[in-house]
Number of protein chains: 2
Amino acid sequence: MNLEGLRVMGIDPGLTRCGLSVVQAGRGRAVIPVAVGVVRTPSDAELGNRLTRISDAVEEWLDDYRPDVVAIERLFERGNVSTVMYTAHAVGVLILAAARRDIPVHHYTPSEVKKAISGNGRADKQQMTTMITRILGLSEAPKPADAADALALAVCHCWRAPALAREKQVAARTREFKRRLEQRSKQ
Amino acid sequence: MNLEGLRVMGIDPGLTRCGLSVVQAGRGRAVIPVAVGVVRTPSDAELGNRLTRISDAVEEWLDDYRPDVVAIERLFERGNVSTVMYTAHAVGVLILAAARRDIPVHHYTPSEVKKAISGNGRADKQQMTTMITRILGLSEAPKPADAADALALAVCHCWRAPALAREKQVAARTREFKRRLEQRSKQ
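Residues numbered from 1 in each chain as written. Chains lettered and ligands numbered in written order. Predicted model: local features only at pLDDT ≥ 70, side-chain atom pairs only at ≥ 80, totals over all residues. Heavy atoms only, no water.

Overview of the pattern of salt bridges
Let me state the cut-off plainly: Any carboxyl oxygen of Asp or Glu within 4 Å of a side-chain nitrogen of Lys or Arg constitutes a salt bridge here. For the purposes of this entry, the term helix denotes a DSSP run of H or I that reaches at least four residues, the term strand denotes a run of E that reaches at least two, and both are numbered from the N terminus. Each residue gets one of three labels from its accessible area relative to the maximum for its type: buried under 20%, exposed over 50%, partly exposed in between, using a 1.4 Å probe on protein chains only.
Summed over the entire model, instances satisfying the criterion amount to 20 salt bridges over all chains. Across the pair R179 of chain A and E176 of chain A runs a salt bridge whose closest N-O atoms are separated by 2.9 Å. Of this pair, R179 of chain A and E176 of chain A both sit in helix α5 (residues 145–186), 3 residues apart, which is roughly one turn of the helix. Residue class for R179 of chain A comes out partly exposed when judged on its relative accessible area of 38%. Residues D149 of chain B and K125 of chain B are paired through a salt bridge, measuring 3.3 Å at the closest nitrogen-oxygen approach. Residue D149 of chain B is found in helix α5 (residues 145–186), and its partner K125 of chain B is found in helix α4 (residues 125–135); the two are separated by 24 residues along the sequence. Judged by relative accessible area, K125 of chain B falls into the exposed class, the value being 53%.

Some points on the interface of chain A and chain B
Definition in use: A contact between two residues is defined here by any heavy atoms of the two lying within 4.5 Å. Buried area: the accessible surface (1.4 Å probe) lost by two parts on joining, summed over both. Identification of polar contacts relies on pairs of N or O atoms within 3.5 Å, with a donor-acceptor requirement for protein atoms, meaning one able to donate a hydrogen and the other able to accept it, and with residues adjacent in sequence counted only if both atoms are side-chain atoms. By the convention adopted, Pro, Cys, Tyr, Trp, Phe, Met, Ile, Leu, Val and Ala count as nonpolar, Lys, Arg, Asp and Glu as charged, and the other residues, Gly among them, as polar.
Contacts between the two partners involve 25 residues from chain A and, on the opposite side, 25 residues from chain B. For the pairing of chain A and chain B, the buried interface totals around 1,900 Å² over both sides, and the portion due to carbon and sulfur atoms is 69%. Where chain A touches chain B, the interface holds 4 salt bridges. With its nearest N and O atoms 2.9 Å apart, the salt bridge here joins R100 of chain A to D56 of chain B. Seen at the junction of chain A and chain B, the total is 6 residue pairs in polar contact (both at pLDDT 80 or more). Secondary-structure elements contributing two or more residues to the side of chain A that touches chain B are α1 (47–65) and α2 (81–99) of chain A. Counting residues per element, the side of chain A that touches chain B draws most heavily on α2 of chain A, which supplies 12 residues. Within the side of chain A that touches chain B, the residues separate by chemical class into 13 nonpolar, 8 polar and 4 charged.

Regarding the packing of helix α3 (residues 110–118) of chain B against α5 of chain B
Residues and elements named next belong to chain B. Filter applied, for reference: Lines are fitted to the C-alpha atoms to define the axes, a helix being fitted only along its stretch in contact, and any angle between axes, read from their N-to-C directions, falls within 0 to 180 degrees. Should an angle fall under 35 degrees it is called roughly parallel, over 145 degrees roughly antiparallel, and 65 to 115 degrees roughly perpendicular, with every other angle called oblique.
Where α3 contacts α5, the two axes come as close as 9 Å, and the packing angle between them is 70 degrees. It follows that α3 is roughly perpendicular to α5 by the angle criterion. Only A152, L153, V155, C156, W159 and R160 of α5 make contact with α3, whose side of the interface consists of E112, V113, A116 and I117.

Topic: the UniProt feature "binding site: Mg(2+) 2" (unreviewed entry) in chain A
Worth spelling out the cut-off: UniProt positions are given in the numbering used here, feature names are shortened, and annotations may be inferred rather than shown by experiment.
Within this structure's numbering, the places UniProt gives as "binding site: Mg(2+) 2" (unreviewed entry) are E73 of chain A. Checked against the element boundaries, E73 of chain A lands in strand β4 (residues 69–73).

Points about helix α3 (residues 110–118) of chain A
Residues and elements named next belong to chain A. For clarity, the cut-off: Picture the helix axis, draw a direction to every C-beta atom, and the arc is the one those directions span.
Within α3 the residues assigned to the buried category are P110, V113 and I117. Down the axis of α3, the sector holding all buried residues measures 65 degrees, keeping them to one side. At its buried positions, α3 is contacted by β4, β5 (105–108), α4 (125–135) and α5. Once α3 finishes, G119 follows within two positions and takes phi at roughly 80 degrees, a positive value.

Here we look at the nonpolar core
The following threshold applies: Within this scheme, the nonpolar core is defined by two criteria: the residues are buried Ala, Val, Leu, Ile, Met, Phe, Trp, Tyr or Cys, and they are joined through side-chain atoms within 4.5 Å.
Core analysis: the largest hydrophobic core is formed by 60 residues, its most contacted members being M9 and I11 of chain A together with M9 and I11 of chain B. Those residues in contact with I11 of chain A that sit more than four places away from it in its chain are C18, G19, L20, V58, V70, A71, I72, E73, L94 and L153 of chain A.

Considerations on the UniProt feature "binding site: Mg(2+) 1" (unreviewed entry) in chain A
Residue and element names in this part refer to chain A. As recorded in UniProt, the sites labelled "binding site: Mg(2+) 1" (unreviewed entry) are D12 and D146. A compact arrangement is adopted by the annotated residues: their sequence extent is 135 residues, whereas the largest C-alpha distance between any two is 6.1 Å. As for its placement among the helices and strands, D12 is situated in strand β1 (residues 7–12). Residue D12 is classed as buried on the basis of its relative accessible area, which comes to 8%. For D146, the location among the structural elements is in helix α5. Here D146 is in contact with D12, R17, G19 and V38, once residues within four sequence places are set aside. A distance of 3.0 Å separates the side chain of D146 from the side chain of R17, its partner in a polar contact.

What about the side chain of T41 of chain B?
Residues and elements named next belong to chain B. If you trace the backbone, T41 turns up in the loop between β3 (31–40) and α1 (47–65). A polar side-chain atom of T41 sits 2.6 Å from the main-chain carbonyl oxygen of L15. Residues in contact with T41, not counting those within four places in the same chain, are L15, T16, R50, R53 and I54.

Concerning unusual backbone geometry
With omega at -10 degrees, the peptide bond leading from K143 of chain A into P144 of chain A counts as cis. Within the element layout of this structure, P144 of chain A appears in the loop between α4 and α5. The phi angle at R66 of chain B is positive, at roughly 40 degrees, despite the residue not being glycine. Positionally, R66 of chain B belongs in the loop between α1 and β4 (69–73). Backbone geometry places D102 of chain B, a non-glycine residue, at a positive phi of 55 degrees. Inspection of the secondary structure puts D102 of chain B in the loop between α2 (81–99) and β5 (105–108).

Take a look at the structure:
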């Protein structure tokens, strides 16, 4: 399945720092970097104000770069519960922005991303940054970590997309096959 | 402090069922019911679609009823983590809708609401529904539970609002007093 040209936006969600990236699938496993950045919101601002800033930023990115799909980190259900809660609020706002533009959203756990990029589900930040820099042919490592993570998510989806598309095709064919079988048994 | 006429929207957040209510503060502790309802989203729909439906509904309510303030339940950080996560996504979308209209949002824990309405932080659903029906002078008990909870949140804020306004006034006066003291010591 050829997905050359597929534009993927990667999001490493967070309320204080939210990593955003856009990449484009090239030939084979090649991935071309398009944009990378981090949205920051001041921790002393009101929650509504912070969510508005994140929403505005992601809407601007979606409208400027027009990705075909968004890949976002699936939230850890462990760790500091209060931080996770705030990140979950941000994720709601981010998914809403994509849904309002009919852009599908895929979720990947950190270990799925690590495995896809480095072959090791437990790769550390340094290994991940090195791999992402190499894969995208960047002249220097993307900074901060949230930016590198957003790129890793986008690349992960580029590489998973052909398999996902095949699965979808197989599921559609299976449904069609079943439908015909049922029709034949009725005749 | 007289807050007669204050319009409060109460929200009992949820992805499957989200309770919405609007009440208006009357004289003294009187509260007048304005509207109550529940937004439902199908559990088999995509997350982005569900968040869009919730966002659309709350935006319509905010534009129709023009509340001065929103009171929303502070999320329990316990219980079924996955459900809490989905509710947190919905809360993000709800707060964003209010923030985009410059409407302040106040958070109350379930026990704060129970205490304010029934005098008992551990009141059960039946006691709460009975109290809310009586306070608002309704001819029958609001249904489902999410609708009653949304009304309870709004009434809770109506009753807390005068104290909150006084606290704000005291804080502003204290700041002003300190500023003058500092000015005088500089002279």
